[in-house]
Amino acid sequence: MLISWNVTKACNLKCLHCYRDAGIIDKNELDTSESIELIKEISSSGFKIIIFSGGEPLLRKDIYHLISTSSELGIRAVLGTNGTLLDETTAYRLKKSGLSRVGISIDSIFPSIHDDFRQEKGAWKLSVNAMKACKEAGLEFQVHTTVTNFNYKDVEKITDFASEHGAKAHHIFFLVPTGRGKEIESSVLKQDDYNFLIIKILEKQKSTNIELKPVCAPQFLPLALEKEIKYRFTRGCLAGISYCCILPNGDIHPCPYMPVKIGNVRENSFKKIWNESYLFQELRSLKYNGICGRCQYNKLCGGCRARALIFSGNIMGEDPYCKILD
């Protein structure tokens, strides 16, 4: 069970795809004491992993305290960062705080493509330096790539690049058009290219020593099963089942790409929201509509619930990309 916690909306970049439309701090974000109490509740609710993200989590001054608190409670703390603020001093401090791993954004092996996507000249070089800093500090890191129709053919090259720099994993995020991502919806992969890339990733997994994971592409597990490729993952879409997202102001969503408010931790306890919310209960029922409801892999895959909501307006609707297995 894992939590993705957008601890701040503040960010030093203006990435084209940002699901949180980050940039300016949310004046209502949870303060340190509220955050510590939330971490305790998350722990008592059985969650084992917290992904601290944003915005840019390194802009939050108490991030090291939040990480160390999580670690002391036995929660595996990981961090998702754009990489531009992660130098050697920061890497050592994160390591000392008890952070288990960092996810660093690299969207291309070509600096200009990455910088254009991240809307900041020099961002690519800083992200590469962040990988080097983590390696120097002995802090595990992985590479995160958001794929669109302009970079999906280069994903295997990014995997090699990540491996060469010492990454433990390469997680490939399939763009879901929400937040600022709505403005580049035309960049979302078409169904054929989506299926093509999942298969290429699975084939690449056979020849690389780092973990590859397609994200927001739950069909990768049924396809891996058919190709007899073993993964540690047991389910595709986890939204509301063993995963949820907490926003800077304490709102809870099923996932970062699904802008549906389930509750707020200032109004009800996290445990109550997680255990009793009607929408969470509905997601756990697995009673999907359309192709996802008929699919033999609905317990393994589940379809992307965010994509189902965007395209059908129904959180339990069919993921249109599930047609690849129809």
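Scroll up a little and you will see the structure.
No experiment lies behind these values; they were computed from the predicted model shown.

Engineer: Before we go on, may I ask you to explain the pairing of strand 8 (residues 243-246) in this structure?
Structural biologist: Both faces of strand 8 are covered, namely the face carrying Tyr243 and Cys245 and the face carrying Cys244 and Ile246. Bridging between strand 1 (residues 2-6) and strand 8 involves four bridges; their strand directions are parallel. Note on strand 8: the bridge partner recorded for Trp5 is Ile246.

Engineer: Quick question: what am I supposed to make of the state of the cysteines here?
Structural biologist: Disulfide: a covalent bond connecting the sulfur atoms of a pair of cysteines. Enumeration according to the criterion identifies zero disulfides in this entry. We note that Cys245 lacks a disulfide partner, and the nearest cysteine sulfur, in Cys255, lies 7.5 Å from it. Residue classification places Cys245 among the buried residues on the basis of a relative accessible area of 0%.

Engineer: Sorry, what's going on with the sheet that holds strand 9 (residues 251-253) here?
Structural biologist: Sheets are built from strands that pair by backbone hydrogen bonding, the pairs being arranged parallel or antiparallel. Ordered by their spatial adjacency, ten strands build an open sheet running 7-6-5-4-3-2-1-8-9-10, and the pairing between neighbours is mixed. With partners counted over all chains shown, the strands left at the sheet margins are strand 7 (211-215) and strand 10 (263-264), one partner each. Pairing of strand 6 (residues 169-174) with strand 7, which is carried by five bridges, proceeds in the parallel orientation. Bridging from a neighbouring strand, His170 pairs with Leu212 of strand 7. Together, strand 4 (101-105) and strand 5 (141-147) form the strand contacts of helix 5 (residues 123-137), whose direction differs from that of strand 4 by roughly 165°.

The rules we used
- Residues numbered from 1 in each chain as written.
- Predicted model: local features only at pLDDT ≥ 70, side-chain atom pairs only at ≥ 80, totals over all residues.
- Heavy atoms only, no water.
- Buried < 20%, exposed > 50% of the residue type's maximum accessible area, 1.4 Å probe, protein only.
- Helix = DSSP H or I, 4+ residues; strand = E, 2+ residues; numbered from the N terminus.
- Pairing = 2+ DSSP bridges.
- Disulfide = S-S within 2.5 Å.
- Contact = heavy atoms within 4.5 Å.
- Axes fitted to C-alpha atoms, helices over the stretch in contact; angles between N-to-C directions.

Note that every value here comes from positions in space, so none of it alone points to a role or purpose.
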